[in-house]
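Coordinate inspection notes
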Amino acid sequence: INVSLSPVLNENDRTLGALLVLRDITREVEADRMKNEFIGTMSHELRTPMTAIKGFTQLLAMGGLGQLNDTQREFVNTIYNNTERMINLINDVLEITKIESGSIELEWRSLHLAEALSGVIAELQSHISQRQHQLTISIPPGLPLIRADAMRLHQILYHVLLNAVKYTPAGGKITIAAREILNVDFPEPVRSILHTNHRYLLLSISDTGVGIRPEDLPRIFDRFFRAENPLKVEAGGTGLGLSIVKPLVQLLGGHIWVESTVGQGSTFYIALPVAAERA
Ligand code: ADP
């Protein structure tokens, strides 16, 4: 049941009484649950045949069924790339239904941020080298551990770093930094959202990429939103990455925000709560 209570005032702002509204939302919640379940099942069912198509296309591309001529190879590669895009999209949708239905179970651990980062960087290394990005990591030794779920942390870092790579032209710079910070040091309005005086690690991922227009900034965490920018076509994507990242950061008790200047670059900040014990 959804409850709301508001005062009823007369024209002199004197309280006449109170208005209590009780709304039975059982049907809405049930409809939402059914919608999520349907999307979840559909996505699972789609993933199986897509995985088969991907496997056989890979076999073809590698010449497993005989040598291909140039045109054939180009077409097979196109099928492969699109299949992979579709599988990524399905995985993202599955992830969103999990987040929305509240069925994500977190495995809380004390983790080294630097270790989590190096795993993600290793995974993205080929993209980084391909685009000849200059990657600088400045993480001081002895930072406290964070309290998080390793898999979710990986997903968060992966999406944000992949975006930095995607939206930064070849030869650009990507800088990753981290430091310990108290909530009171945060900019408003972030400060009021987080617990007072709790210790956080503040991770920043900066790039010298295309940047985000001020009017687009509030929308980049929305589902399927993709800003107009010169790299959009080349960069590929679904517009779902950040809409998954934001609720995951919040599930971990943290906060994510962004500062950006068009043509100069963007910095994504991620604050995550520090674990009780020291590194
Ligand atoms: P995708 O990258 O798949 O389009 P995301 O949800 O990850 O989706 O990002 C949403 C949009 O935010 C992107 O399409 C892009 O316009 C913008 N964006 C995200 N990260 C950056 C960045 N580092 N630099 C510039 N624009 C960015």
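These numbers come from a predicted model, not from an experiment. The residue numbers shown here count from 1 along each chain, following its written sequence. Totals for whole chains, interfaces and linings use all residues, but because this is a predicted model, local features are given only for residues with pLDDT of at least 70 and pairs of side-chain atoms are given and counted only at 80 or more. Side-chain measures were taken over the full set of non-hydrogen atoms in the model, leaving aside hydrogen atoms and water.

**A closer look at a nonpolar patch on the surface**
Surface patches are drawn from residues lacking salt bridges whose relative accessible area is over 30%; two like charges belong together within 9 Å, two nonpolar side chains (Val, Leu, Ile, Met, Phe, Trp, Tyr) within 5 Å. All accessibility values rest on the Shrake-Rupley procedure with a 1.4 Å probe; residue burial counts only the protein chains present in the view. Here a salt bridge means any side-chain nitrogen of Lys or Arg lying within 4 Å of a carboxyl oxygen belonging to Asp or Glu. A contiguous nonpolar patch, built from Ile 1, Val 3, Leu 5, Leu 20 and Leu 22 and spanning about 580 Å² of accessible area, is present on the exposed surface. Elements with a minimum of two residues in the nonpolar patch: β1 (2-9) and β2 (15-23). Note on conventions: DSSP H or I runs of at least 4 residues are helices, E runs of at least 2 residues are strands, and numbering of each starts at the N terminus. You can see Ile 1 is positioned in the segment before β1.

**Topic: the pattern of salt bridges**
Summed over the entire model, instances satisfying the criterion amount to 13 salt bridges. Between Asp 32 and Lys 35 there is a salt bridge whose closest N-O contact spans 3.9 Å. Note that Asp 32 and Lys 35 are positioned in helix α1 (residues 26-61) at a spacing of 3 residues, about one turn of the helix. Asp 70 serves as the salt-bridge partner of Arg 73, at 3.4 Å between the closest nitrogen and oxygen. Of the two residues, Arg 73 and Asp 70 both sit in helix α2 (residues 70-100), 3 residues apart, roughly one turn of that helix. The class of Arg 73 is partly exposed, set by a relative accessible area of 33%. Overlapping salt bridges, with partners in common, bring together Glu 30, Arg 33 and Glu 37 in one network. Think of it in three bands: with a 1.4 Å probe and only protein chains considered, a residue is buried below 20% of the maximum accessible area for its type, exposed above 50%, and partly exposed in between.

**Observations regarding the packing of aromatic side chains**
Centre distance within 6.5 Å is the pairing criterion for rings of Phe, Tyr and Trp, where only the six-membered ring of Trp is used; planes under 30 degrees apart are then read as stacked, over 60 as edge-to-face, and the remainder as tilted. Taken as a whole and assessed by the stated rule, the structure comprises 2 aromatic pairs. Relative to Phe 268, the ring of Phe 221 has its centre 6.5 Å away and its plane inclined at 80 degrees; by these criteria the two rings are edge-to-face. Note that Phe 221 is positioned in the loop between β7 (199-207) and α6 (232-235) and Phe 268 in strand β9 (residues 265-273), a separation of 47 residues in sequence. For the pair Phe 221 and Phe 268, one class covers both residues: buried.

**Things to note about the site of the ligand**
The ligand sits among 21 residues. The nearest are Asn 163, Tyr 167, Arg 226, Thr 238 and Leu 242. As used in this structure description, the phrase polar contact means that two N or O atoms lie within 3.5 Å; if the pair is within protein, one of them must be able to donate a hydrogen and the other to accept it, and residues adjacent in sequence are counted only when both atoms belong to side chains. A distance of 2.8 Å is found between an oxygen atom of the ligand and a side-chain nitrogen or oxygen belonging to Asn 163. Between an oxygen atom of the ligand and a main-chain N or O atom of Ala 227, the distance comes to 3.0 Å. For the ligand, whose accessible area on its own is 530 Å², the fraction buried by protein is 98%. Breaking the shell around the ligand down by element, the ones donating at least two residues are α4 (150-166), α7 (241-251) and β9. Sorting elements by how many residues they give to the shell around the ligand places α4 first, with 3 residues. The residue classification treats Ala, Val, Leu, Ile, Met, Phe, Trp, Tyr, Cys and Pro as nonpolar and Asp, Glu, Lys and Arg as charged. All others, Gly included, are polar. Its residues assigned to classes, the shell around the ligand comprises 10 nonpolar, 8 polar and 3 charged. The cutoff for a nearby residue is simple: one of its non-hydrogen atoms must lie within 4 Å of the molecule or strand.

**Quick word on the nonpolar core**
To qualify as a nonpolar core, a set must consist of buried Ala, Val, Leu, Ile, Met, Phe, Trp, Tyr and Cys residues joined through side-chain atoms within 4.5 Å. Judged by nonpolar contacts, the single largest core of 46 residues is most densely connected at Leu 203 and Phe 268. Ranked by residues supplied to this core, first place goes to α4 with 8 residues. Once residues lying within four places of it in the same chain are set aside, the contact partners of Phe 268 are Val 160, Leu 203, Ser 204, Ile 205, Ile 212, Ile 220, Phe 221, Leu 242, Ile 256, Trp 257 and Val 258. Contacts are assigned to residue pairs that have any heavy atoms within 4.5 Å of one another.

**Quick word on the pairing of β9**
Burial analysis of β9 places 9 of its 9 residues in the buried class, which makes it a mostly covered element. Judged by which residues are buried, β9 turns out to be covered on both faces: Gly 265, Thr 267, Tyr 269, Ala 271 and Pro 273 on one side and Ser 266, Phe 268, Ile 270 and Leu 272 on the other are all buried. Only strands joined by at least two bridges in the DSSP assignment are considered to pair. Judged from the 8 bridges that link them, β7 and β9 form a sheet pairing that is antiparallel. Looking across to β9, one finds that Leu 202 is bridged to Ala 271. Pairing analysis gives 7 bridges linking strand β8 (residues 255-261) to β9, with the strands arranged antiparallel. Bridging from a neighbouring strand, Val 258 pairs with Phe 268 of β9.

**Points about the packing of α2 against α7**
Interaxial distance between α2 and α7 falls to 10 Å at its minimum, and their mutual angle equals 30 degrees. Classified by the angle their axes make, α2 and α7 are roughly parallel. As α2 packs across α7, the resulting crossing turns out to be left-handed. Here Asp 92, Glu 95, Ile 96 and Ile 99 of α2 come into contact with α7, specifically with Ser 243, Ile 244, Pro 247 and Leu 248. Residues belonging to the contact of α2 with α7 are distributed by class as follows: 5 nonpolar, 1 polar and 2 charged. Comment: axis = line fitted to C-alpha atoms, over the contacting stretch for helices; angle = value between 0 and 180 degrees taken between N-to-C directions. An angle below 35 degrees is read as roughly parallel, one above 145 as roughly antiparallel, one from 65 to 115 as roughly perpendicular, and any other as oblique. Take the far helix as your reference; a near helix turned counterclockwise from it by less than a right angle gives a left-handed crossing, and one turned clockwise gives a right-handed crossing.

**Topic: the sheet that holds β9**
Strand order in the open sheet formed by 5 strands is β4-β6-β7-β9-β8, with mixed pairing between adjacent strands. Of all the strands in the sheet, just β4 (134-138) and β8 have a single pairing partner and so form its edges. Neighbour-to-neighbour, the strand axes of the sheet open up by a mean angle of 15 degrees, direction not taken into account. With 9 bridges joining them, strand β6 (residues 173-182) and β7 adopt antiparallel strand pairing. Counterpart to Ile 176 in the pairing with β7 is Ile 205. Against the sheet, α4 engages β6, β7, β8 and β9, with an angle of about 25 degrees to β7.

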